[in-house]
Amino acid sequence: KASAAAVAAGDVSSRPDAETVMKAEEMGREAKSAAAAAYRTAEETQRKAELAEIAARDAVESSGKVTGPLAGELSQEGGQLTTTAAKAYQTAEDARGKAMDADRAGDEALRAATEAMMKMAQETARRAKEEAGSAIEALAAAMKNALDVLHQAEEKLAAARAGAAEASANPDAANIVK
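Heads up: these notes are all about the structure in this document.

Calculation notes
- Residues numbered from 1 in each chain as written.
- Predicted model: local features only at pLDDT ≥ 70, side-chain atom pairs only at ≥ 80, totals over all residues.
- Heavy atoms only, no water.
- Helix = DSSP H or I, 4+ residues; strand = E, 2+ residues; numbered from the N terminus.
- Rg over C-alpha atoms; globule rule 2.2 N^0.38 Å.
- Buried < 20%, exposed > 50% of the residue type's maximum accessible area, 1.4 Å probe, protein only.
- Areas by Shrake-Rupley, 256 points an atom, 1.4 Å probe, with all protein chains shown as cover.
- Contact = heavy atoms within 4.5 Å.
- Axes fitted to C-alpha atoms, helices over the stretch in contact; angles between N-to-C directions.
- Parallel < 35°, antiparallel > 145°, perpendicular 65-115°, else oblique.
- Left-handed = near helix turned anticlockwise from the far one by under 90°.
- Nonpolar A, V, L, I, M, F, W, Y, C, P; charged D, E, K, R; others polar.
- Salt bridge = Lys/Arg side-chain N within 4 Å of Asp/Glu carboxyl O.

**A few points about the overall build of the chain**
Then comes step 1: Along its length, the chain carries three helices and zero strands.
Then comes step 2: The order of α-helices and β-strands along the chain, N terminus first, is α-α-α.
Then comes step 3: A compact globule built from 178 residues would reach a C-alpha radius of gyration of about 16 Å, whereas the chain, at 43 Å, exceeds it by more than 25%.
Then comes step 4: For the C-alpha atoms alone, the extent of the chain along its principal axes is close to 150 × 25 × 20 Å.
Then comes step 5: By the burial criterion, 20% of the 178 residues in the chain qualify as buried.
Then comes step 6: Put simply, the chain shows about 12200 Å² of open surface, and 60% of that area lies on carbon and sulfur atoms.

**A closer look at the side chain of Arg96**
Then comes step 1: Here Arg96 is to be found in helix 3 (residues 69–169).
Then comes step 2: With sequence-adjacent residues up to four places away left out, Arg96 is seen in contact with Tyr39, Ala42, Glu43 and Gln46.

**Concerning the packing of helix 2 (residues 18–63) against helix 3**
Then comes step 1: Between helix 2 and helix 3, whose axes approach to 6 Å, the crossing angle comes to 165 degrees. When the axes of helix 2 and helix 3 are compared, the pair comes out roughly antiparallel. The crossing of helix 2 and helix 3 is left-handed.
Then comes step 2: Looking at the contact of helix 2 with helix 3 residue by residue, the class counts come to 31 nonpolar, 10 polar and nine charged.

**As for the pattern of salt bridges**
Then comes step 1: Using the criterion set out here, one finds 15 salt bridges in the structure.
Then comes step 2: In this structure, the salt-bridge partner of Asp103 is Lys32, at a minimum N-O distance of 2.5 Å. Taken as a pair, Asp103 in helix 3 and Lys32 in helix 2 lie far apart in primary sequence, 71 residues in all.
Then comes step 3: Overall, the relative accessible area of 27% leaves Lys32 in the partly exposed class.
Then comes step 4: Between Arg111 and Glu108 there is a salt bridge, with its nearest N and O atoms 2.2 Å apart. Taken together, the residues Arg111 and Glu108, both in helix 3 and three residues apart, mark about one turn of the helix.
Then comes step 5: Judged by its relative accessible area of 34%, Arg111 falls in the partly exposed class.
Then comes step 6: The partly exposed category is assigned to Glu108, whose relative accessible area is 34%.
Then comes step 7: Three or more residues are tied together by salt bridges with common partners; here these are Glu123, Arg126, Arg127 and Glu130.

**Remarks on the environment of Thr83**
Then comes step 1: Within the secondary structure, Thr83 is located in helix 3.
Then comes step 2: Sequence spacing of Thr83 and Glu53 is 30 residues, and the spatial spacing of their C-alpha atoms is 8.8 Å.

Read these as spatial facts, not as claims about activity.
In structure tokens form, the structure reads like this:
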């Protein structure tokens, strides 16, 4: 899971799009989940190692209280339990290391996904701002054209009113259109 999360983090960093963001988030969550499971396994292994260590001490201590072949067997069992406990401690430590790696990889994948989403959002906002600017410019041009048309209409209306007033004032045949 850690390596898949690391790959997804690299993918989303080099190619930030919706698909790689979703994949990085998914791999990040899976790596974090695997890390949590590895931490639990490490703790359980640690607990079993401690029990083996206690059993080893008890076996060695008991071997000192008896004689004969039983003492040898208890001593040998104690030695084997001590070896087993040491291996279990090492296994727990290795599991913790892998858990930490998976946890870091998950964090990195989630961080990369978040950064990519932010970049995508910023780019979308930038494009929206540019488009809004273009729309405002187009609206301003349309308003100017509308005002020009309105002024022309007002001039024609004024001319028509003037013509109508003149025709009312001089109702001779030359001004009347048949």
